Amino acid sequence: MAETAPTFGSLLKQWRGFRHVSQFDLALETGVSQRHVSFLETGRANPSRGMVLALANSLDLPLRERNSLLRSAGFGAVFAEGDLDEASHQIFREALQQTLDHAEPYPALVLNGQWNMIMANQAALRFFNVFIDPFAALAAMGNPERFQMVRLCLHEEGLMPYIDNWEELVSTFLARARRALLDNPKDRFLPELIEEILAHPRAPADWRRVWTSHTAPAIEMVMSRDGVAYRLFTMLAHFGAPTDVTLEELSVELFYPADDTTREQLQQLAQASQSQSV
């Protein structure tokens with residue numbers, strides 16, 4: 001039996017509950033009466049396209065969910081949901097590539113909404129290859145479709161054996177996933193990732209008891225192999241005020257050396273790569 005699509009009213013009420021906003025407060029924020037909000041939720045009134053967008057803005061919905069709300073009210077999507085490889089996104093892809101190139105000789109990645117690496121600079125590939133071939137590791141893990149970068153850090157076939165501060169690093173992934181789930185409680189896949197992290201054999205028991213969604217602006221990562229340690233910190237960057245679903249969900253992860261030794265080691269990796277290519 002086919003699942004019935006949610007109505008506009010039920011979706012609006014659900015999101016209002018997610019955001020802990022009363023009908024009165026939503027009405028005040030949107031500039032309508034509380035009675036009108038009530039009528040919209042019960043189906044006694046139909047919203048205009050502008051009203052749907054105003055309500056979605058007041059509730060701070062992700063762009064993908066704004067499109068869903070529009071469709072539930074009988075309107076077409078407003079926010080594009082294209083692919084980064086499409087011609088319409090070429091200028092943004094070029095900007096991302098310039099950002100990655102500018103980061104050399106330090107690693108930099110572009111992650112999509114499911115934390116998969118979709119772009120990387122040569123420094124990132126050089127760095128990962130110090131430890132593993134990330135593509136071969138993903139294949140050995142069964143090529144998970146989502147959250148590949150996190151799962152590389154969770155798996156023995158991946159980066160886990162080389163991460164010295166594994167518990168600290170993975171706790172930031174957990175907080176980040178919980179923060180993302182607060183922003184979009186309708187995400188179907190984040191609960192699976194959160195449970196996978198919590199069920200990991202190395203996960204402390206208090207990760208279930210102590211619930212935090214705080215995410216630090218910079219994350220430290222310490223990795224070592226054969227007596228050589230790399231200390232880096234990472235920062236995330238996003239497009240500002242995007243009007244496109246694809247761009248809103250992208251993030252650029254930049255890795256910077258946390259000490260002079262790591263800086264020199266990354267520079268040496270770059271120089272060795274240049275020598276081999278000559």
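Look up a bit, the structure's there.
Let me begin by describing the structure that accompanies this report. (Residues numbered from 1 in each chain as written. Predicted model: local features only at pLDDT ≥ 70, side-chain atom pairs only at ≥ 80, totals over all residues. Heavy atoms only, no water.)

On to the packing of helix 4 (residues 49-58) against helix 5 (residues 63-72). It is the contact of helix 4 with helix 5, at a shortest axis distance of 10 Å, that shows an interaxial angle of 145 degrees. For the crossing formed where helix 4 meets helix 5, the hand is right-handed. Contacts between helix 4 and helix 5 involve Arg 49, Val 52, Leu 53, Ala 56 and Asn 57 on the former and, on the latter, Arg 66, Leu 69 and Leu 70. Partitioned by chemical class, the residues of the contact of helix 4 with helix 5 number five nonpolar, one polar and two charged. (Axes fitted to C-alpha atoms, helices over the stretch in contact; angles between N-to-C directions. Helix = DSSP H or I, 4+ residues; strand = E, 2+ residues; numbered from the N terminus. Left-handed = near helix turned anticlockwise from the far one by under 90°. Contact = heavy atoms within 4.5 Å. Nonpolar A, V, L, I, M, F, W, Y, C, P; charged D, E, K, R; others polar.)

Attention now moves to the pattern of salt bridges. Considering all chains together, one arrives at 13 salt bridges under this definition. Salt-bridge contacts for Arg 93 lead to Asp 85; the nearest nitrogen and oxygen are separated by 3.1 Å. Classification of Asp 85 as exposed rests on a relative accessible area of 59%. Salt-bridge contacts for Arg 126 lead to Glu 104; the nearest nitrogen and oxygen are separated by 2.9 Å. Here Glu 104 lies in the loop between helix 6 (90-103) and strand 1 (108-111) and Arg 126 lies in helix 7 (residues 122-131), a separation of 22 residues in the sequence. Judged by relative accessible area, Arg 126 falls into the buried class, the value being 18%. Its relative accessible area of 30% is what places Glu 104 among the partly exposed residues. (Salt bridge = Lys/Arg side-chain N within 4 Å of Asp/Glu carboxyl O. Buried < 20%, exposed > 50% of the residue type's maximum accessible area, 1.4 Å probe, protein only.)

A few words on the packing of aromatic side chains. With the rule as written, the count across this model stands at 11 aromatic pairs. Seen from their ring centres, Trp 115 and Phe 147 are 5.5 Å apart, and the 80 degrees between their planes marks the pair as edge-to-face. Of this pair, Trp 115 sits in the loop between strand 1 and strand 2 (117-120) while Phe 147 sits in the loop between helix 8 (134-140) and helix 9 (148-154), placing them 32 residues apart in sequence. Feature note: the residues Phe 127, Phe 128, Phe 131, Tyr 162 and Tyr 230 constitute an aromatic cluster, connected by ring pairs. (Phe/Tyr/Trp six-rings, centres within 6.5 Å; stacked < 30°, edge-to-face > 60°.)

This part is about the packing of helix 10 (residues 166-183) against helix 11 (residues 190-198). Interhelical geometry of helix 10 versus helix 11 gives an angle of 155 degrees and a closest axis separation of 10 Å. As judged from the angle between their axes, helix 10 and helix 11 are roughly antiparallel. Helix-helix and strand crossings are classified by hand; for helix 10 and helix 11 the assignment is left-handed. On helix 11, the residues that touch Val 170, Phe 173, Leu 174, Ala 177, Arg 178, Ala 180 and Leu 181 of helix 10 are Leu 190, Pro 191, Leu 193, Ile 194, Ile 197 and Leu 198. Residues that form the contact of helix 10 with helix 11 fall into these classes: 12 nonpolar, no polar and one charged. (Parallel < 35°, antiparallel > 145°, perpendicular 65-115°, else oblique.)

Note that all results are geometric; they support no functional claim without further evidence.
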